[in-house]
Amino acid sequence: MSSRDAPGTGSPNGNSATDAAAAPCSCGHNHDHRQTDQQLAAEPDPGALISARGVTMWRGSREVLSDINLDVRRGEIVTLIGPNGAGKTTLVRILLGIEHPERGRIIKPASTRVGYVPQRFEVDGAIPMTVESFLSLGEHTTLKAIKAALEETGAAKTINQQLSKLSGGETQRVLIARALLRKPNLLILDEPASGVDFTGEADLYDLIGRLRDKHNLGVLLVSHDLHVVMARSDRVICLNAHVCCSGKPEDVSQHAAYARIFGPQAATVLGVYRHHHDHRHDLTGEPKPLAGASPTGRGS
Amino acid sequence: MFDWPEPFVWRALFAAVGLAIIAAPLGCIVVWRRMSYVGETLSQAGLLGVALGLAANVDLTFSVILAAIAAAGVLTLLSRQQMVPLDSALGLMHHATLALGIAAIALVKGPAIDLMSYLFGDVFAVTATDLYWIYGGGAVVVAVTLYLWQPLVRLSLHEDLATAEGINPRLPRAAFDLLLAVVIAVAMKIVGILLVMAFLVVPAVAARPLSETPERMAVLAGAMAILGVILGLWLSLSSDAPGGPSIVIALCTIASISLLAGSLRRR
């Protein structure tokens, strides 16, 4: 068992006094679930692309997900944040139907088409696979559509390269292209920025924001890091086995539960990335002037 | 002056070429899923199958298939336990099946039994019935492999992505274990229990540096296996070395040259 699976209430700040005091609830706040409650009635939102109601999951004696409610609607970016071991990936696997919850249900209308970008897609060098053959694998698609999808995600140059030779950022863009080829209305991305450097990360979230705008996608993003992500989200859900708090990024960052999980300095995180870059780097690492620099997808 | 080879040489050649074609795509999947040690364990369980077949007086091909499938079932259970890593569990089972198999065969047939033909095969003793097994069973194996090819490649690449895209991983996985068991049983006669996996894994290794896509790797692996079979049989006939090991020596030589060429080209 790796350490990320180790049982514990997951206080990354070593704030064990708080954890110990909060007997029934690991995040130790006074359960002001105001924002959660107003958005998530017991009945699923009929307009949602995907909904979770009361999803509960155990791993051995540890409850990794406790009574999770969640909706993702068209055109909104919902970000799931939480420390390692908070159950984010488990929740995503349940939403995707890879795992089944012990209690609760997933409501997914037949019209919902999911595009999935998995976490840590490390292609084994043992499997020879060009980007083109990967994008046509199991899909009825054309070379034209493949080129268009790669163009859209800014990875057109990789088409003849081996999948195992791509950089972290290129891999993510190719995976997003594969997801787009399925003509999704819901994109689910698990830690899309892992293995990508800081500016590459900003570019990646810009891309996700642009795709949302262009295709009117619902987007569910998973992240354990606070930088860049939150300002681009319409809604942030802070998960630590249960939903600690949720709402607009500004509200969540001021929330007591959020500060308790991520530390007081996290409340200032929105300020951290509001500074302006005067340039960015493209895929080849060349600096480029900023075009349309304002972060996309701010909550209105 | 060229003399036409005798019938037993032709039978050996047809048997080994048939096996080369059947085994190549499966061998690629074994390599991609890092299953060569799993395959090794399944084939050694085949020795227990031989003992059971001899005891019950049933067709050995059939009893070896059964034993390999049973071993695959045990391995599936072992992969779910958390006490020791799968690698260690395989290390245990691998040796246990080999030791049990050899002991069981000796108990059934007495200590005078010639184990060598089971352990290393005897390609020149292939009968017409064996050829029916290879081409009849082989046709079924190739058909099922083609049918399951795309899900198997997607599952080898990334299981969660494939599952999220709607592939149920259980059926292709179970079917693959079954195909592997059949190939092991058929290949046992030609290269023997101990060298069966070489027939699957080595051509795939040889094909990897020269392949850009999974399909190309499977086809190239087949071509290289056929070349290895021809060279190996020639080596065996001209030097009196046993057939199965000669084929495996030829395959490994081809793989070494291919890997060397691949690493030189990459510079």
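Since this is a predicted model, take the numbers as computed values, not measurements. (Residues numbered from 1 in each chain as written. Chains lettered and ligands numbered in written order. Predicted model: local features only at pLDDT ≥ 70, side-chain atom pairs only at ≥ 80, totals over all residues. Heavy atoms only, no water.)

**Some thoughts on the sheet that holds strand S9 (residues 242–247) of chain A**
Residue and element names in this part refer to chain A.
At step 1: Ordered in space as S5-S6-S7-S3-S8-S9, the six strands form an open sheet in which the pairing is mixed. The open sheet has two edge strands, strand S5 (114–117) and S9, and neither has a second partner. Mean inter-strand twist for the sheet, computed between neighbouring axes without regard to direction, equals 15 degrees.
At step 2: Relative to strand S7 (residues 218–223), strand S6 (residues 186–190) is paired through five bridges, and the arrangement is parallel. Paired with aspartate 190 across the strands is valine 222, a residue of S7.
At step 3: Across the face of the sheet, helix H6 (residues 168–181) comes into contact with S5 and S6 while running at roughly 165 degrees to S5. (Pairing = 2+ DSSP bridges. Helix = DSSP H or I, 4+ residues; strand = E, 2+ residues; numbered from the N terminus. Axes fitted to C-alpha atoms, helices over the stretch in contact; angles between N-to-C directions. Contact = heavy atoms within 4.5 Å.)

**Observations concerning the side chain of arginine 53 of chain A**
At step 1: The topology assignment puts arginine 53 of chain A in strand S1 (residues 50–59).
At step 2: Engagement of the side chain of arginine 53 of chain A in a polar contact is seen with the side chain of aspartate 71 of chain A, the distance being 2.8 Å. (Polar contact = N/O pair within 3.5 Å; in protein donor to acceptor, adjacent residues only side chain to side chain.)

**Observations concerning the interface of chain A and chain B**
At step 1: With 27 residues of chain A at the contact, the number on the chain B side is 21 residues.
At step 2: Broken down residue by residue, the surface that chain A buries against chain B is led by Ile127, Pro128 and Leu137 of chain A, which jointly contribute 26%.
At step 3: For the pair chain A and chain B, the number of links is two salt bridges.
At step 4: With its nearest N and O atoms 2.3 Å apart, the salt bridge here joins aspartate 160 of chain B to arginine 93 of chain A.
At step 5: In this structure, the connection of chain A to chain B is made through eight residue pairs in polar contact (both at pLDDT 80 or more).
At step 6: The set of elements that each furnish at least two residues to the side of chain A that touches chain B consists of helix H4 (131–136) and H6 of chain A.
At step 7: Its residues assigned to classes, the side of chain A that touches chain B shows 15 nonpolar, six polar and six charged. (Buried area = accessible area lost by both parts, 1.4 Å probe. Salt bridge = Lys/Arg side-chain N within 4 Å of Asp/Glu carboxyl O. Nonpolar A, V, L, I, M, F, W, Y, C, P; charged D, E, K, R; others polar.)

**A closer look at the packing of helix H9 (residues 196–207) of chain B against helix H11 (residues 243–265) of chain B**
Residue and element names in this part refer to chain B.
At step 1: Packing of H9 against H11 brings their axes to within 8 Å, and their N-to-C directions diverge by 20 degrees. Here H11 runs roughly parallel to H9, going by the angle between their axes. In the packing of H9 onto H11, the handedness of the crossing is left-handed. Contacts from Ala198, Phe199, Val202, Pro203, Val205 and Ala206 of H9 reach H11 at Ile247, Val248, Leu251, Cys252, Ile254, Ala255, Ser258 and Leu259.
At step 2: Here the contact of H9 with H11 is built from residues that sort into 13 nonpolar, one polar and no charged. (Parallel < 35°, antiparallel > 145°, perpendicular 65-115°, else oblique. Left-handed = near helix turned anticlockwise from the far one by under 90°.)

**Some remarks on unusual backbone geometry**
At step 1: You will see that aspartate 67 of chain A, though not glycine, has its phi angle at about 55 degrees, which is positive.
At step 2: Relative to the assigned elements, aspartate 67 of chain A resides in strand S2 (residues 62–72).
At step 3: Despite not being glycine, aspartate 240 of chain B shows a phi value in the positive range, around 70 degrees.
At step 4: In this structure, aspartate 240 of chain B sits in the loop between helix H10 (214–239) and H11.

**A short note on the pairing of S1 of chain A**
All names here are of chain A.
At step 1: For S1, the buried fraction is high: eight of the 10 residues fall into the buried class.
At step 2: By the bridge criterion, seven bridges tie S1 to S2 in an arrangement that is antiparallel. From the neighbouring strand, tryptophan 58 faces S2, where its bridge partner is glutamate 63.
At step 3: Linkage of S1 to S2, two consecutive antiparallel strands, is achieved through a turn of two residues, within which glycine 60 is found at a positive phi near 65 degrees.
At step 4: In this structure, S1 lies alongside strand S4 (residues 103–107), joined through four bridges in antiparallel fashion. Note on S4: the bridge partner recorded for arginine 53 is arginine 105. (Buried < 20%, exposed > 50% of the residue type's maximum accessible area, 1.4 Å probe, protein only.)

**Structural notes on the UniProt feature "transmembrane region" (unreviewed entry) in chain B**
At step 1: Per the UniProt record, "transmembrane region" (unreviewed entry) is found at residues 12–33, 45–78, 98–120, 132–149, 178–206, 218–237 and 243–264 of chain B.
At step 2: Between the C-alpha atoms that bound residues 132–149 of chain B the distance is 25 Å, and the span itself is 100% helix and 0% strand. (UniProt positions renumbered as here; feature names shortened; annotations may be inferred.)

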